[in-house]
Structures are given as structure tokens and as C-alpha cells.
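Below are the chains, spelled out letter by letter.
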Amino acid sequence: MLLSVVILNYNVRYFLELCLKSVESAIAGLDAEIIVVDNHSSDDSCRMVAQLFPKVVLIENTENFGFSKGNNIGVAKAKGKYLCILNPDTVVAEDTFKRVLAYAEGLSELGAIGCQLIDGRGQFLPESKRNIPTPMVSVKKILGFSKAYYANHLSPADTGKVDILVGAFMFLKKEVYDAVKGFDEDYFMYGEDVDLSYKVLKAGYQNIYYGETAILHFKGESTLKDKTYAKRFYGAMRIFYNKHYRFNPVLDILVWLGIFFSRFFSKKPKQFTTKATSHVVMTKNLDFDIKLPFLAKTVHSTDQVAAQTQVVLDGNSMDYRSIIEFMMDSKKSKELTFRVLPKNSQFIIGSDSSEHRGEVVKL
């Protein structure tokens, strides 16, 4: 088998449904499998997967094992030459895996590949490509000075070497994942992708940011800069430093100072209020007749969309690549927000800020 897509889920049933529909389209024609590991969700995620996606390998954990162990459980069942670790709140384009596979096949020292991630408003997510988080870089980040944290030597559309990739989309050979012993289970939440990326580098491989394809990642860093995030972030960094750096009291002091001062200096997530004054449905279906909970005219081109409009993207008539490209290409000055109507589904879904949880509206 060529590819195993491993998705770890926890209580995001509707995001997972949209994700799986996009992944099924993206693996069409490939020798590939989809593995969903559920970390003991209290919603009906598992029932939905069993009913709507019978070909998906579903693993139901009896407790929430966290990100690292949950993904390791999925990878242990994987049969593919390549792995893609994928978040359940993502949408991939129909050609995402084919393009990344074609690029990967030409690299002899390939470690992991990441790609361009955008949030629910079409904005580039800088965590798509990062530098090694030294103690000083980490302290600056939590205080709101993030320039050194991100790999700014590459533009979002570039392709090139980077140190650290994001766990929402990590593509690598299974033999490389196994050689570095996968995700370190000392991490429960945050830091796992940093650690895996760094282990891959130390093993002599190259990590690549591949900006020629983009995927949608609704939540981004959903707890960015709040106090809980600060505590978890520095806890993860402390594990990272103890594991990869020689013991140094100065490092330890810096980490604990970061945790302490973050309660005073960390910024609260900004409150984003949707400014939509109207709604439209972007569709190729001339007879669109799905009832929505608001008045919305149908449009068939971007020229017909006015400023401060919420755009419902019709997945019944638009492919996922078109949806992603529409969001990316829309003029930011128009202050558009977006919702996706998945194919053959009775809900619309989206997010107006990468710092907050998304929204699901059942139809």
C-alpha cells in the first residue's frame, strides 16, 4: 500500500465528516487507506464514521490518550509506505496527496513534508513552517513577539527546507516515523510535532515545507496566547529541552520564568465579531434549493459578492480545491466570512478566527 492517512479525533464529529469527505476524494485512484483513531469522544463521532464511511479503519480508544499516543496507535495499524498525520478539522484538495507524493518520490533524504495551511477566513497560518524553538525564541513567542519562531525565509507559496512542521499535516515515510520512534508519548498536548520534526532532523533527514499546495485548517492555534495555552506550551517546551539539550540551569530558569510571567503578559485571544451584513451561496448549481436558516441569494462568480458578506460554499457543486482557492483568493478588504456546505450533508460549518473554535449550523 502506498499511503495511510491517520486522523486522530476527539469530539469534533462535524469537522471530521467534512474532513473525511475531502480525504476520500483526495485518495481516489491511489492505493491508500484512511485510519480514524477516536480518543473516547462523547459525541457520535464513531457512529457517524461507521455509518457514513464503512471503508475507514476505525479505532475506538477507551480513554483520551492525547495526541502522541493516539496517533501512535493509528500508525501501528498503518500499512502504507507513506503516512500523513492529519487533523480532523482540516480539508484537503483533491490533488493534495498526489502532488505531495510526486514531490516526495524524488527526494532521497526526505524526512517530513508539510504544506501551506490556511484558516477559516482564507488567511495563511504561519505555524505551517517554524524554526527550532530555543528558550529565548519561546519566551518571545508567548509574550507576543513571534517573528523568530516562524520560518520567514520562505514565503507561503515557496518550497524549501525548514526545521519544524505542524502536526495538523505531517507527511513522511513510515520507515522514518518508525526509525525515530514516532511521537513521544511524554507529550499529551502541544510540542509533539516540534519534537518529531527535531528528531527527524537529528536522524539526518530533511524536513520540507511544500507551499505549492494548500489545505484548510479551521481552528489553527485555537487557544493561542491565553493562560492555559501558555502553561501547556511551556510545559511542552520543558520536556523538549530536558530531552534534547544537556542539563542547563539557565534553560530551566528561563522556562519557568516564561510560565510565571505569561500570566501577566500573555494576550487574551481577540474577540472576533462577524460583520456579515448579507449572505450568499456560491454554487455551480443553477437550481440550488437547499433551505438555509437565513436569506441568501445564489451567485456564480466572485464578482457578485459584496463586502462584509458571509459566503456559503456549496460542496455539492464545487470541488474542495475550488473551495480552498476561492477562500485564499478572495480580497481581504471585503472582510468576507465563509461556511462550507459539505456534499450530501445537513449542516454548514466554518470558522471566523483561527484563535477560536468553529461553528456548526445544522440544517
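Comments concerning the overall build of the protein chain
No. 1: Helix and strand counts for the protein chain come out as 10 helices and 17 strands.
No. 2: Counting all 363 residues of the protein chain, 54% fall into the buried class.
No. 3: Sequence separation of at least 24 residues holds for 75% of the intrachain contacts in the protein chain that already meet a minimum separation of 6.
No. 4: About 16,200 Å² of surface is accessible on the protein chain, with carbon and sulfur atoms providing 52% of the total.

Description of the confidence of the model for the protein chain
No. 1: Predicted confidence across the protein chain gives a mean pLDDT of 87, with 83% of residues reaching 70 or more.
No. 2: Note on residues 220-225: pLDDT is under 50 here. Beyond four places in sequence and across chains, it has 23 contacts.

Topic: the side chain of Asn9
No. 1: Mapping Asn9 onto the fold places it in strand β1 (residues 3-9).
No. 2: At 3.3 Å, the side chain of Asn9 forms a polar contact with the side chain of Ser41.
No. 3: Apart from the residues lying within four places of it in its own chain, the contact partners of Asn9 are Leu16, Val36, Val37, Asp38, Asn39, Ser41, Ser45 and Pro88.

What about the pattern of salt bridges?
Oppositely charged side chains may form a pair once their charged atoms are brought near each other.
No. 1: Counted under the stated rule, the structure contains 13 salt bridges.
No. 2: Put simply, Glu105 and Lys81 hold a salt bridge, and the shortest N to O gap is 3.4 Å. A residue pair is termed long-range when its members are at least 10 positions apart, and Glu105 in the loop between α4 (96-104) and β6 (110-118) and Lys81 in the loop between α3 (66-76) and β4 (82-86) qualify at 24 residues.
No. 3: In this structure Lys81 comes out as partly exposed when scored by relative accessible area, which is 40%.
No. 4: Residues Arg339 and Glu359 are paired through a salt bridge, measuring 2.8 Å at the closest nitrogen-oxygen approach. Of the two residues, Arg339 is situated in strand β15 (residues 337-341) and Glu359 in strand β17 (residues 359-362); the sequence distance between them amounts to 20 residues.
No. 5: With a relative accessible area of 36%, Glu359 lands in the partly exposed category.

A short note on unusual backbone geometry
No. 1: Here Gln308, not a glycine, exhibits a phi torsion of approximately 55 degrees, which is positive.
No. 2: Of the residues examined, Gln308 reaches a relative accessible area of 27% and is grouped as partly exposed.
No. 3: Even without a glycine there, the phi angle at Asn344 is positive, about 55 degrees.
No. 4: Here Asn344 is to be found in the loop between β15 and β16 (347-350).

Cut-offs and rules
Residues numbered from 1 in each chain as written. Predicted model: local features only at pLDDT ≥ 70, side-chain atom pairs only at ≥ 80, totals over all residues. Heavy atoms only, no water. Helix = DSSP H or I, 4+ residues; strand = E, 2+ residues; numbered from the N terminus. Buried < 20%, exposed > 50% of the residue type's maximum accessible area, 1.4 Å probe, protein only. Contact = heavy atoms within 4.5 Å. Areas by Shrake-Rupley, 256 points an atom, 1.4 Å probe, with all protein chains shown as cover. pLDDT = per-residue confidence, 0-100. Polar contact = N/O pair within 3.5 Å; in protein donor to acceptor, adjacent residues only side chain to side chain. Salt bridge = Lys/Arg side-chain N within 4 Å of Asp/Glu carboxyl O.

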